[in-house]
Every structure is written in C-alpha cells, then in structure tokens.
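# Remarks on the overall topology
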Amino acid sequence: MGESRQTRSNTIVFCESHFMEIDQLSSQEVIRYKRQIVIPAFGEKGQKQLKRANVFIAGLGGLGAVSAYYLAAAGVGRLKIVDKDHVELENLNRQILYSTRDVGRPKTESAFEKLHALNPLCRIDAQKAEIRKDNALELIGDCHIIVDATDNLETRKCLNSVSVARQIPFIYGGIDGFTGMVTTFVPGDTPCLECLFPETSAATKKVGAMGPVPGMIGAIQSLEAIKICLGMKDLLKNTLLCINGMDMGVKKLNLRKDPECHLCGIQDQCGKY
Amino acid sequence: MDKTIQVIINDIKETVTENTTISQLIIRYKEGDADLIVEHNGRFVYPRKYEEIILSHDDRIEFINPNFGG
Ligand SMILES: [Zn+2]
C-alpha cells in the first residue's frame, strides 16, 4: 500500500512503499510500459533510465498539464510539479488534467490526484508555489530536467538562471493563439534563454489559447524530456521549432549562443563548464 | 534620392534604402515586440547586433514574434 502525505512546505508527496528497486522493473511495470519497451531505441534499458529520472515541471496550465500527463504515463520516476494557481472555468478548454468539479481547487492538488491515479508508480511531488528568483533554485532542487510550462518571460528567466548555474537542460515551450514554439537549451552546448531574450521588459499578458496548440507543444516538450532521460542525441538543440496551426507551417530556426550573453557567456569565460 | 535595394521580409519582397540596419527595419515595420526573434539569411541574430547589421540586396529577413503563453 502507498501513502499520501502533505508536508510543511505545502508539498503533496506520494510514497509507494512497495516501490521496486530503482534498477529493476516489476512484472507490472513491464506490462504497463510494454508498448514503449518494444521500441528498439527505448527497450528495458530506457525504461529503467526513465525510472531514475527526476523531472521538474514549472507550471500546470495548458503546456504543463500535457507534459505532466505524458511523463507520468511514460514512467518517469519522480515528477516535481509546481504551480501557484487554482483551477478556473476558463482553463478547461485546454488544461486536460482538470474537470469541471475541480474549479476552485489548487491545480497542484487536482493534478496530483489525476497523475497519481494514472500512474501510482510515478512519485509526484506537487507544490503550490509561485516560482521566483529567490526560490527557483530550491524548488528545482535535485531535478535533472526543467520543463518550462510557464506563461511569462520573467518566470522563464528565473528557471533559465538555475538551468545555466546548475547545468540542467531546460525545455522551453510557449504558445500564442494558433502558434507555438519549443526548443531545448542544454547549458554548455546551446544558447540559453537569455541569449535569445536579453530584454526584461515583456509584461505578462494573457494570450489566446486553445487545446490542440499547447497539446502539440507540451507533447513535444515531454518527448524531449524522455529523449534526454534516454540519453538520445537528436534533441531540439540550437533549433527553435515554430509551429503555425493556422496553415500547418513548421519552421526550424537555427539558434546560436551569444558569446557575450551576460549569463551563459560569462559562465563560459569563467570556465565553469 | 537614396539608392534602394530589395530584401525579402517574411517571404515578401520589399524595397528599402541602402545601408538600412535591422534596427531600422524593425522600426519601419513596427515590429515593436522587445523580444522579437530575427533571422538574417537563415542565421539567428543576437538582439545586440540589430544596430550593426546592414542589409544587402536580396537579403532574407524573418521576423518571428515569440510565444510566451503557456
Ligand atoms: Zn546565454
């Protein structure tokens, strides 16, 4: 039997007391993940790598709901999910973790329930918190990957700072109406978010959003996260994938690191990588 | 009269004066988003280079508005 507990820091953690050895797959796990284990590039080895993974999902809106769902379903060992908001009626056109009866509940609480019901073998740490400059490092803790599912540049910059400082891959995703974009920043290997957006003036604005667009982008982000866990090389590195749902146009923009970036450029000069 | 050159902006041919920089182009086309992404002849341009890069005839420019919704 497992148990769910609320910690002092407002984190809900599910502990599966019969959790198998981290390097073993139980017979239940072999059945549950069978359809992905049969993929040659995945295999039991890949499943075990996923089981050892510790992924941070920043935000549980349209993007985060999708990536959290797919990552929990795929068998990521631990997901840390963080969001400060409560479910609103206007979220339900796209945020597929929530139902009408969840309106008014903290997103973390509702997401925790759904993800745990989906896959009790995935440890879910759900924390209701606002991600800020002064707490991002602590929130991200020992996670191996940051999935960006936030809705503003300021919070993304907080995540990016931790990504660069701790050399954690950071999977950026964003949507606006019919369009969406995604790239994977790998410190030392690619530009960082700051290379692309050195300005800090962007005000948070509510953009138009409908389910299929964050659905696509969130799914790509979760695929990137899985590929990182599996040690696969062909990530969306140095490439901004832009999708326009209006005409189904897909564009890949080649990105380059800014050698004078005040964040990752300085790190390089100091030889910290 | 100023000499002009032709450039392609987001797949549309446009005529601009010679020695136009990317910064001037952004102002002219009212791409006011401070976080605009610019590609010049297939290469990403760092924002701090916008003022330095002078356009040449037949250059291709892509303006891409970033998506920050989630
Ligand atoms: Zn940088």
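Each remark here, short or long, concerns the structure printed above.
Note that this is a predicted model, so its numbers are computed, not measured.

About the criteria used
Residues numbered from 1 in each chain as written. Chains lettered and ligands numbered in written order. Predicted model: local features only at pLDDT ≥ 70, side-chain atom pairs only at ≥ 80, totals over all residues. Heavy atoms only, no water. Helix = DSSP H or I, 4+ residues; strand = E, 2+ residues; numbered from the N terminus. Buried < 20%, exposed > 50% of the residue type's maximum accessible area, 1.4 Å probe, protein only. Contact = heavy atoms within 4.5 Å. Axes fitted to C-alpha atoms, helices over the stretch in contact; angles between N-to-C directions. Parallel < 35°, antiparallel > 145°, perpendicular 65-115°, else oblique. Left-handed = near helix turned anticlockwise from the far one by under 90°. Nonpolar A, V, L, I, M, F, W, Y, C, P; charged D, E, K, R; others polar. Pairing = 2+ DSSP bridges. Buried area = accessible area lost by both parts, 1.4 Å probe. Salt bridge = Lys/Arg side-chain N within 4 Å of Asp/Glu carboxyl O. Polar contact = N/O pair within 3.5 Å; in protein donor to acceptor, adjacent residues only side chain to side chain.

## Concerning the overall build of chain A
Tallying secondary structure elements over chain A gives ten helices and ten strands in all. A burial count over chain A gives 54% of its 273 residues as buried. A separation of at least 24 residues holds for 64% of the contacts in chain A among residues at least 6 apart in sequence.

## A word on the packing of helix α4 (residues 62–74) of chain A against helix α9 (residues 212–229) of chain A
All names here are of chain A. One can describe the packing of α4 onto α9 by two numbers: an axis separation of 8 Å at closest approach and a directional angle of 40°. The orientation of α4 with respect to α9, classified from their angle, is oblique. Viewed along their axes, α4 and α9 form a crossing whose handedness is right-handed. The segment α4 lies against α9, with G62, L63, V66, S67, Y70, L71 and A74 engaging P214, G215, I217, G218, A219, Q221, S222, A225 and I226. Class assignment for the residues of the contact of α4 with α9 results in ten nonpolar, six polar and no charged.

## Focus on the environment of K114 of chain A
Residues and elements named next belong to chain A. Along the chain, the position of K114 falls in helix α5 (residues 107–118). For K114, a relative accessible area of 18% translates into the label buried. Ignoring any residue separated from it by four or fewer positions in sequence, one finds K114 in contact with L97, Y98, S99 and D102.

## Notes on the sheet that holds strand β3 (residues 37–40) of chain B
Ordered by their spatial adjacency, five strands build an open sheet running β2-β1-β5-β3-β4 (chain B), and the pairing between neighbours is mixed. Across the chains shown, the open sheet's two edge strands, defined by having one partner strand only, are β2 (12–17) and β4 (43–44) of chain B.

## Structural notes on the interface of chain B and chain A
On the side of chain A, 35 residues touch chain B, which itself brings 18 residues to the contact. For chain B, the biggest contributors to the area lost against chain A are F44, N67 and F68 of chain B; these three give 31% of the whole. The interface formed by chain B and chain A contains three salt bridges. Of the charged contacts, one joins R48 of chain B and E260 of chain A as a salt bridge, the two residues approaching to 3.7 Å between their closest N and O atoms. Where chain B packs against chain A, one counts eleven residue pairs in polar contact (both at pLDDT 80 or more). Every element with two or more residues in the side of chain B that touches chain A is listed here: β3, β4 and β5 (60–64) of chain B. Of the residues that constitute the side of chain B that touches chain A, the class distribution is eight nonpolar, five polar and five charged.

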